[in-house]
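What the coordinates show
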Amino acid sequence: MTITLVIFIPFLAAILVPFIYKRVPNRNIGWFILCVPLALFIVLLRFIPAVSSGETYIHTIPWIPSAGINFTTHLDGLSMIFGLLITGVGSLVILYSIYYLSARESLGNFYVYLLMFMGSMLGVIFSDNLMVLYVFWELTSISSFLLIAFWYHRKKSRYGAQKSLLITVSGGVAMFAGFIMLHILTGTFSVQEIIKSIGDYTDSGLFLFAMILVLLGAFTKSAQFPFHIWLPDAMEAPTPVSAYLHSATMVKAGIYLVARFTPVFGGEAVWFYSVTCVGIFTLFWGSLNAVRQTDLKALLAYSTISQLGLIMSLFGLGSAALNEGYSADSVIYTQATFAALFHLINHSTFKGALFMVVGIIDHELGTRDIRRLGGLMSLMPVTFTIALIGSFSMAGLPPFNGFLSKEMFFESIVNARSLGIFEMGTWGNLFPIIAWVASVLTFVYCMIIVFKTFLGEHQPARLDRKAHEGPRGMLLAPMILAFFVVAIFFFPNIVGKYLLSPAMEAVYPPFKGAQGLVPQITVWHGFKPALLMTIGVIVVGALLYVFLRFWKGIFTIEPMRWSLDSLYNKFLVQTEKGSSYLTSFYMTGYLRDYLLYIFTFFIITIGGGLLLTNGFSFDMSGDAPITINEYIIVFVMMGAGIAILFAKSRITAILLNGVLGYSIAIFFVVFRAPDLALTQIIVETVTTSLFLLCFHFLPEWKKEKSSLPAKAVNGIIAILVGTVVTVLALSVQGHKLFTSISIYFEDADELTGGKNIVNTILGDFRAFDTMLEVVVLFIAGIGVYTLVKLKAGMEGPDVEDE
Amino acid sequence: MKTNDVILRTVTKIVVFIILTFGVELFLSGHNNPGGGFIGGLVLSSAFVLLYLVFDVETVHKGIPFDFKKIAAFGVLLAVGTGVGAVIFGSSFLTQTFRELHLPVFGNTELATVVLFEAGVALTVVGVVVTIILSISEDV
Amino acid sequence: METLITILAGVLVTVAVYLLLSRNLIRVILGTAILSHAVHLLIMTMGGLKKGSVPLLGEHAEKYTDALPQALILTAIVISFAVTAFLLVLAYRTYKETGSDDLDTLRGFKNE
């Protein structure tokens with residue numbers, strides 16, 4: 001129950017924000033917002049003892065039970081880690097944003113989006129029901145879109161927002177399809193139940209498709225190659241947003257998905273290879289591209305991509321353990337997953353700190369271009385220290401938490417060589433090599449962050465503002481993160497015991513309570529391959545950094561210039577062109593054409609359907625007798641109707657229409673419908689007078705200028721439609737498939753106390769229709785009023801581009 | 001539109017009240033006999049339209065100082081509100097109820113919540129029809 | 001009776017469709033009005049015609065006419081009134097703004 005509330009509190013707070021913002025229209029509003037994630041963080045912390053002892057909490061609120069969609073929340077070790085990250089980093093980011101954003105920005109919007117994101121992200125990780133998860137998943141994409149486009153007057157922001165939305169949402173839709181396939185296979189939307197029963201379905205053809213589609217969702221969200229291109233462009237968002245969404249939380253939703261579905265799909269070769277290979281390649285590609293960036297934020301974006309790849313590949317390696325089931329040998333492969341979860345936490349701490357540092361530099365100096373920066377160490381000592389801690393941790397140096405998880409990464413990737421399954425062979429050797437090279441590059445760009453920014457020559461002439469230390473409030477949040485970076489290094493096993501071990505049990509349900517699932521994290525392992533690799537990374541990385549300018553030329557060689565970005569742009573332009581061509585092909589702008597489509601479709605489907613199914617059957621035996629008066633009225637109406645077509649003046653036409661209307665009123669009397677007759681008479685009168693009123697302003701109608709063929713086509717279509725309608729109606733009357741339900745309404749007096757059946761239907765039995773009808777009437781009234789009163793004004797100047 | 005037709009004016013003054021009474025009667029009898037919210041509303045609005053036709057807009061506006069847009073909005077609110085009211089009492093949306101009562105003067109009378117709903121309908125119809133006609137005729 | 005009314009509705013539909021396809025705004029609006037007349041008649045015939053007494057329980061008749069189509073038509077009449085009124089005002093505003101009531105000249109801009 002608490003967990004359900006945890007999801008909704010941010011949304012509720014988001015609703016309140018505009019009202020608070022009216023009262024407190026300055027940045028102090030951030031302090032109110034800060035209470036939300038902080039409170040949630042504390043709430044979640046209180047669950048830690050129970051969760052670490054293996055308890056899980058499930059709470060269900062029925063939503064659409066008939067479709068198996070319920071609002072089920074599930075708290076276990078895995079969602080706990082993410083929940084703490086979301087609320088914890090969220091609190092720090094909001095604290096930071098109070099000082100980062102100026103009061104001139106539309107802070108109200110900012111915090112609404114941010115809280116919306118927080119709520120939906122919590123929804124993603126706590127939802128057990130796949131449909132609910134999907135809804136929240138897309139909500140995170142939407143709030144991310146809104147946050148990236150926060151400075152919407154900038155063209156780049158809009159571009160980045162659109163790109164991220166397009167890529168993540170298309171991945172999300174693929175994932176949705178995958179979820180539906182899983183539902184078809186297992187008959188349930190609950191993740192926990194799918195995990196229990198999936199073993200029976202692994203041979204099904206849909207299983208593989210479901211896996212690939214779910215992976216697509218995860219890869220797009222977590223910016224894995226080749227979908228990573230949206231993340232660098234998403235850096236147009238305000239820095240707190242980048243720190244929060246695009247490094248600590250949202251991009252980890254994909255990783256969460258992979259972890260959550262490891263018990264479902266893990267143990268399959270396809271899953272193992274696709275997750276691992278994509279992860280490792282992303283790791284390499286991200287770090288390679290990071291080295292050549294000159295914008296600090298872009299550098300961090302690529303480094304995030306690379307680190308996400310690292311975590312992803314570890315989950316891939318770890319899934320191998322599920323293939324063999326529990327044994328003393330296979331448990332060693334679970335270490336990869338352990339490392340992944342550990343690195344996940346570490347990454348959030350050091351990357352969050354680094355983003356905030358870059359934000360401070362940007363905020364104080366007005367630039368984050370490393371070519372213009374340098375020598376800031378003495379001017380911004382605190383910022384420098386935080387940056388140093390963050391980067392060295394990312395590079396995998398002691399005494400920071402990154403060292404521990406990096407070591408474990410090397411260890412598991414070396415272990416993977418001995419993996420007996422899936423024909424590892426050459427791959428087994430290739431993985432460590434790529435991983436090692438990527439780590440060297442990681443080391444290089446970490447050095448770039450620290451040394452190019454803070455050492456070297458200070459260039460005041462190339463800066464817009466004078467360099468000075470950031471305000472204390474801004475430094476507080478990254479300092480807390482940096483503290484954790486160091487603290488986790490010295491006390492890693494606290495994290496291991498309370499957070500990682502329950503999460504491991506969530507990822508490996510069959511291994512629950514098994515020996516060796518949760519290893520001791522130690523700093524010193526002895527001279528194992530992992531340590532040697534780390535030393536190699538430091539030596540080679542340092543050399544590469546020193547001689548950076550000599551080998552930077554490789555980025556200008558041809559294959560490096562092929563960019564997925566231009567491919568994406570071309571694709572986008574082509575799609576736009578194609579769709580606009582297609583649309584203008586049939587959207588001609590002529591009402592007649594549209595109506596022709598509709599009527600032709602009608603004739604073909606209904607008429608064709610009648611022909612094909614041989615549905616004609618005329619049965620006139622039940623017809624009521626016709627009196628001579630009725631014949632007269634019918635023929636008058638037919639005559640009037642046809643005469644309208646040939647009316648020379650609009651007055652004639654409208655009077656003939658009146659004849660039709662009043663004749664129908666007479667028929668209503670004949671057909672025992674007094675209510676209808678009354679209504680029809682009044683409505684007809686009002687309508688006719690409306691027509692006449694409007695004629696006062698409209699020109700006399702001229703002779704139709706259409707060509708003869710066009711008229712002939714109109715005539716043929718009209719006659720065909722009329723015929724189809726008549727035949728259809730007659731056939732319907734011939735077949736009475738069901739008995740009428742009207743008998744029910746004849747108990748109106750007992751049920752509603754009314755004796756007029758028609759009005760009891762309107763007011764009691766089908767009041768919903770009537771209510772909506774009233775609403776329609778009201779809308780029409782408003783429409784008329786606005787059309788008449790509000791003349792089109794000149795449009796204001798468009799807010800476009802910087 | 002300023003006309004100076006004495007006969008029309010005199011007749012209208014009387015006829016309007018007959019129409020109004022007829023409209024109210026139709027509205028009230030709707031549950032058991034022909035009539036109801038729509039018809040009642042339409043008849044009432046035709047009375048108003050007649051007034052506007054015979055006297056000019058300003059004169060009528062002095063006599064009936066209502067904003068018909070607001071009447072329409074109020075009608076919609078009433079119609080939806082009765083539905084919500086049912087929810088508050090624990091039934092489904094738009095559930096109507098009725099009770100036979102013995103009132104001193106009227107004898108056995110039936111009171112039904114549907115009357116409120118129908119009143120909402122009638123008010124909307126009056127408001128919308130008059131708004132439409134007025135908007136068009138004012139825009140010359 | 002049912003057959004006759006159905007055929008009448010068919011004729012009215014034909015007329016309405018022809019009017020809808022024409023270029024003059026007023027004719028199009030008239031088309032929608034006539035189309036709704038036709039539909040009301042059709043719905044009415046679906047319930048059977050002259051099959052019983054007026055659907056007022058006060059009549060204490062043996063058999064009542066089907067009240068459901070009547071209720072549907074009552075709703076439809078009011079809605080079609082609203083639509084017609086709206087379309088009329090739309091037409092007249094369009095004419096005032098653009099000076100044309102010909103749908104072909106009202107096509108809008110090429111690159112919109």
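Along each chain, residue indices are assigned from 1 in the same order as the chain's sequence is written. Here the convention is simple: chains get letters from A, ligands get numbers from 1, in the order in which they are written. For a predicted model such as this one, the threshold for reporting local features is a pLDDT of at least 70, and the threshold for listing and counting side-chain atom pairs is 80 or more; totals across whole chains, interfaces and linings nevertheless cover every residue. Side-chain descriptors were evaluated using all non-hydrogen atoms of the structure, hydrogens and water having been removed beforehand.

Description of the overall build of chain C
- Helix and strand definitions follow DSSP, with helices as H or I runs of at least four residues and strands as E runs of at least two, each counted in order from the N terminus. Each helix and strand in chain C was counted, giving three helices and zero strands.
- Values of the radius of gyration come from C-alpha atoms, whereas the globule rule sets the reference at 2.2 Å times the count of residues to the power 0.38. The globule rule puts the C-alpha radius of gyration for 112 residues at 13 Å, and the 19 Å found for chain C is more than 25% above it.
- Seen through its principal axes, chain C has C-alpha atoms that stretch 65 × 25 × 20 Å.
- Per-residue burial over chain C gives 66% buried out of 112 residues.
- Should any heavy atoms of two residues lie within 4.5 Å, those residues are counted as being in contact. A fraction of 50% describes how many contacts in chain C between residues 6 or more apart in sequence connect residues 24 or more apart.
- Note on areas: Shrake-Rupley with a 1.4 Å probe; residue coverage comes only from the protein chains shown. Accessible surface computed for chain C: about 3900 Å², of which carbon and sulfur atoms make up 61%.
- Taking the average location of the 9 positive side-chain charges in chain C and that of its 9 negative ones, the two points are 6 Å from each other. Under the scheme applied here, a residue whose accessible area is under 20% of the maximum for its type counts as buried, over 50% as exposed, and between as partly exposed, the area being computed with a 1.4 Å probe on protein chains only. Two residue types count as positive, namely Lys and Arg, and two as negative, namely Asp and Glu; His and chain ends fall outside the count. By convention, the charge on Lys lies at NZ, on Arg at CZ, on Asp at CG and on Glu at CD.

Details of a nonpolar patch on the surface
Residue and element names in this part refer to chain A.
- A surface patch of nonpolar side chains, about 1100 Å² in accessible area, is lined by Val523, Trp524, Phe527, Leu532, Ile535, Val539, Leu543, Val546, Phe547 and Phe550.
- No other element matches helix H22 (residues 529-546), which puts five residues into the nonpolar patch.
- Mapped onto the elements of the fold, valine 523 is located in the loop between helix H21 (492-507) and H22.
- Residue class for valine 523 comes out partly exposed when judged on its relative accessible area of 36%. Exposure above 30% relative accessible area and the lack of any salt bridge qualify a residue for a patch; like charges then connect within 9 Å, and the nonpolar side chains Val, Leu, Ile, Met, Phe, Trp and Tyr within 5 Å. Salt bridges are defined by distance alone: a side-chain nitrogen of Lys or Arg within 4 Å of a carboxyl oxygen of Asp or Glu.

Quick look at empty space enclosed by the protein
- Think of a 1 Å grid over the protein atoms and nothing else: a 1.4 Å probe that fits but is trapped marks a cavity, an open set flanked by protein within 12 Å on at least five of seven lines marks a pocket, and residues with an atom within 4 Å of a point count as lining. Grid points are joined across faces, edges and corners, and a volume is the space filled by probe spheres set on the points. What the rule picks out here adds up to seven cavities of 30 Å³ or more.
- Considering only enclosed or pocket space, the largest cavity measures out at about 110 Å³ in volume.
- Surrounding the largest cavity, 13 residues form its lining, A:Val683, A:Glu684, C:Ser36, C:His37 and C:Ser80 being those nearest its centre.
- Under the scheme applied, nonpolar residues are Ala, Val, Leu, Ile, Met, Phe, Trp, Tyr, Cys and Pro; charged residues are Asp, Glu, Lys and Arg; polar residues are all the others, including Gly. Counted by class, the lining of the largest cavity contains four nonpolar, eight polar and one charged residues.

Let's talk about the UniProt feature "transmembrane region" (unreviewed entry) in chain C
Residue and element names in this part refer to chain C.
- UniProt positions are given in the numbering used here, feature names are shortened, and annotations may be inferred rather than shown by experiment. UniProt records the feature "transmembrane region" (unreviewed entry) at residues 6-21, 28-47 and 67-92, using the numbering of this structure.
- The span residues 6-21 is 94% helix and 0% strand, and its two end C-alpha atoms sit 23 Å from each other.
- End-to-end, the C-alpha atoms of residues 28-47 are 30 Å apart, and along that stretch the chain is 95% helix and 0% strand.

A word on helix H28 (residues 650-670) of chain A
Residue and element names in this part refer to chain A.
- Counted at 1.5 Å a residue, the expected span for H28 with its 21 residues is 30 Å, and the 30 Å between its end C-alpha atoms agrees.
- Nitrogen and oxygen atoms within 3.5 Å of one another constitute a polar contact, given that in protein one can donate a hydrogen and the other can accept it, and given that sequence-neighbouring residues count only through two side-chain atoms. Measuring from the backbone nitrogen of isoleucine 651 back to the side-chain oxygen at the start of H28 gives 3.1 Å, which picks out serine 649 as the cap.
- After H28 finishes, the residue arginine 672 shows a positive phi value of roughly 60°. One less than the residue count of a helix, multiplied by 1.5 Å, gives the span that helix is expected to have.

Description of the packing of helix H13 (residues 269-291) of chain A against helix H14 (residues 296-319) of chain A
All names here are of chain A.
- In this description, a line fitted to the C-alpha atoms serves as the axis of each element, helices being fitted only across the stretch in contact, and the angle between N-to-C directions of two axes falls anywhere from 0 to 180 degrees. Between H13 and H14, the shortest axis-to-axis distance is 7 Å and the interhelical angle comes to 160°. By the angle between their axes, H13 is roughly antiparallel relative to H14. As for the relative orientation of H13 and H14, their crossing is left-handed in sense.
- Class assignment of the residues belonging to the contact of H13 with H14 gives a composition of 13 nonpolar, twelve polar and no charged. These descriptions rest on fixed angle ranges, namely under 35 degrees for roughly parallel, over 145 for roughly antiparallel, 65 to 115 for roughly perpendicular, and the rest for oblique. We call a crossing left-handed when the near helix sits turned anticlockwise from the far one by less than a right angle, and right-handed when that turn is clockwise.

Regarding the UniProt feature "domain: NADH-Ubiquinone oxidoreductase (complex I) chain 5 N-terminal" (unreviewed entry) in chain A
- Per the UniProt record, "domain: NADH-Ubiquinone oxidoreductase (complex I) chain 5 N-terminal" (unreviewed entry) is annotated on residues 63-111 of chain A.
- With 59% helix and 18% strand, residues 63-111 of chain A has end C-alpha atoms that lie 29 Å from one another.

Overview of the interface of chain B and chain A
- Counting residues at the interface gives 40 residues for chain B and 39 residues for chain A.
- Both sides of the chain B and chain A interface together cover about 3400 Å² of buried area, and 76% of this is carbon and sulfur.
- The term buried area means the drop in 1.4 Å probe accessible area that two parts suffer when joined, counted for both and summed. Per-residue buried area on chain B facing chain A is highest for B:His31, B:Phe38 and B:Ile136; these three make up 16% of the total on that side.
- Summed over the shared surface of chain B and chain A, the result is zero salt bridges.
- Put simply, chain B and chain A have one residue pair in polar contact (both at pLDDT 80 or more) between them.
- If you list the elements that add at least two residues to the side of chain B that touches chain A, you get helix H2 (37-54), helix H4 (68-88) and helix H5 (114-138) of chain B.
- In terms of residue count, the dominant contributor to the side of chain B that touches chain A is H5(B) (15 residues).
- Looking at the side of chain B that touches chain A, its residues break down into 24 nonpolar, eleven polar and five charged.

Focus on the interface of chain A and chain C
- Contact residues are listed per partner, giving 95 residues for chain A and 77 residues for chain C.
- Summing the contributions of chain A and of chain C, the shared interface buries around 8200 Å²; its carbon and sulfur component is 76%.
- Where chain A touches chain C, the interface holds zero salt bridges.
- In this assembly, chain A and chain C are joined by three residue pairs in polar contact (both at pLDDT 80 or more).

Digging into the packing of aromatic side chains
Residues and elements named next belong to chain A.
- In this scheme Phe, Tyr and Trp rings, the latter by its six-membered ring, pair at centre separations within 6.5 Å, and the angle between planes marks the pair as stacked below 30 degrees, edge-to-face above 60, and tilted otherwise. All chains considered together, the criterion is met by 33 aromatic pairs over all chains.
- Arranged with centres 6.3 Å apart and planes meeting at 55°, the rings of phenylalanine 403 and phenylalanine 489 form a pair that is tilted. Of this pair, phenylalanine 403 sits in helix H18 (residues 401-415) while phenylalanine 489 sits in helix H20 (residues 472-490), and the two are 86 residues apart along the sequence. Each of the two residues, phenylalanine 403 as well as phenylalanine 489, counts as buried.
- On the basis of an interplanar angle of 40° and a centroid distance of 6.0 Å, the ring pair of phenylalanine 451 and tyrosine 545 is categorised as tilted. Pair noted here: phenylalanine 451 is in helix H19 (residues 425-454) and tyrosine 545 is in helix H22, with a separation of 94 residues, a long-range link.
- The structure contains a cluster of three or more aromatic residues connected by ring pairs, namely Phe179, Phe207, Phe261, Phe265 and Trp271.
- Sitting over the ring of tryptophan 137, lysine 221 keeps its end group 5.1 Å from the ring centre. Placement of a charge over a ring requires the Lys NZ or Arg CZ to be within 6 Å of the ring centre, with the centre-to-atom vector within 35 degrees of the ring normal.

Remarks on the nonpolar core
- Grouped together as the largest cluster of nonpolar side chains are 217 residues, with contacts concentrated most on A:Tyr111, A:Phe179, A:Phe261 and A:Phe265.
- At 18 residues, the largest contribution of residues to this core is made by helix H16 (residues 334-365) of chain A.
- Where each domain begins and ends follows an automated or database-derived domain assignment. Two domains each put at least three residues into this core: domain 1 (1-226 + 234-258) and domain 2 (266-576) of chain A.
- In contact with A:Phe261, other than residues within four places in its own chain, are A:Leu130, A:Phe179, A:Leu182, A:Val214, A:Gly266 and A:Trp271.
- Formed by 116 residues, the second largest nonpolar core is a distinct cluster that contains A:Leu645, C:Leu20, C:Leu21 and C:Leu49. Nonpolar core, defined: a set of buried Ala, Val, Leu, Ile, Met, Phe, Trp, Tyr and Cys residues in which side-chain atoms within 4.5 Å join the residues together.

Section: the domain arrangement of chain A
- By domain assignment, chain A separates into domain 1 (1-226 + 234-258), domain 2 (266-576), domain 3 (592-737) and domain 4 (740-791).
- On a C-alpha basis, the centres of domain 1 of chain A and domain 3 of chain A stand 55 Å from each other.

Examining the confidence of the model for chain C
All names here are of chain C.
- Note on scores: pLDDT gives the predictor's confidence for each residue, bounded by 0 and 100. When the pLDDT values of chain C are averaged, the result is 83; 95% of them are 70 or greater.
- When mean pLDDT is taken per element in chain C, helix H1 (residues 2-20) scores highest with 91 and helix H3 (residues 67-98) scores lowest with 87.
- We note a pTM of 0.75 for the whole complex and an ipTM of 0.91 for its interfaces.

Concerning the pairing of strand E2 (residues 69-75) of chain A
All names here are of chain A.
- Of all the seven residues making up E2, seven are buried; the element is thus mostly covered by neighbouring parts of the structure.
- Burial along E2 is two-sided: the residues Ile69, Phe71, Thr73 and Leu75 and Asn70, Thr72 and His74 are all buried.
- Of the strand pairs in this sheet, strand E1 (residues 57-64) and E2 are connected by seven bridges, and their pairing is antiparallel. What sits directly across from tyrosine 57, in E2, is leucine 75.
- Here E1 hands over to E2 after four residues, with glycine 68 in that stretch at a positive phi of 75°. Two strands are said to pair when DSSP picks up at least two bridges between them.

Points about the environment of A:Phe8
- Within the secondary structure layout, A:Phe8 lies in helix H1 (residues 2-23).
- Separated by 611 residues in the primary sequence, A:Phe8 and A:Asp619 have C-alpha atoms spaced 60 Å apart.

Overview of the confidence of the model for chain A
- Taken over all residues, the pLDDT of chain A has a mean of 84, while the share at 70 or more is 94%.
- Mean pLDDT per element in chain A: helix H24 (residues 558-561) of chain A is the minimum at 58, and helix H6 (residues 130-148) of chain A is the maximum at 92.

Description of H4(B)
- Its 21 residues give H4(B) an end-to-end C-alpha distance of 29 Å, which sits within 8% of 30 Å, the value for a rise of 1.5 Å per residue.
- For H4(B), the complete set of buried residues consists of B:Phe68, B:Ile71, B:Ala72, B:Gly75, B:Val76, B:Ala79, B:Thr82, B:Gly83 and B:Ala86.
- Of the surrounding secondary structure, the elements contacted by the buried residues of H4(B) are helix H34 (767-789) of chain A together with H2 and H5 of chain B.
- For H4(B), the capping residue at the N-terminal end is B:Asp67, with a side-chain oxygen 3.1 Å from the backbone nitrogen of B:Lys69.

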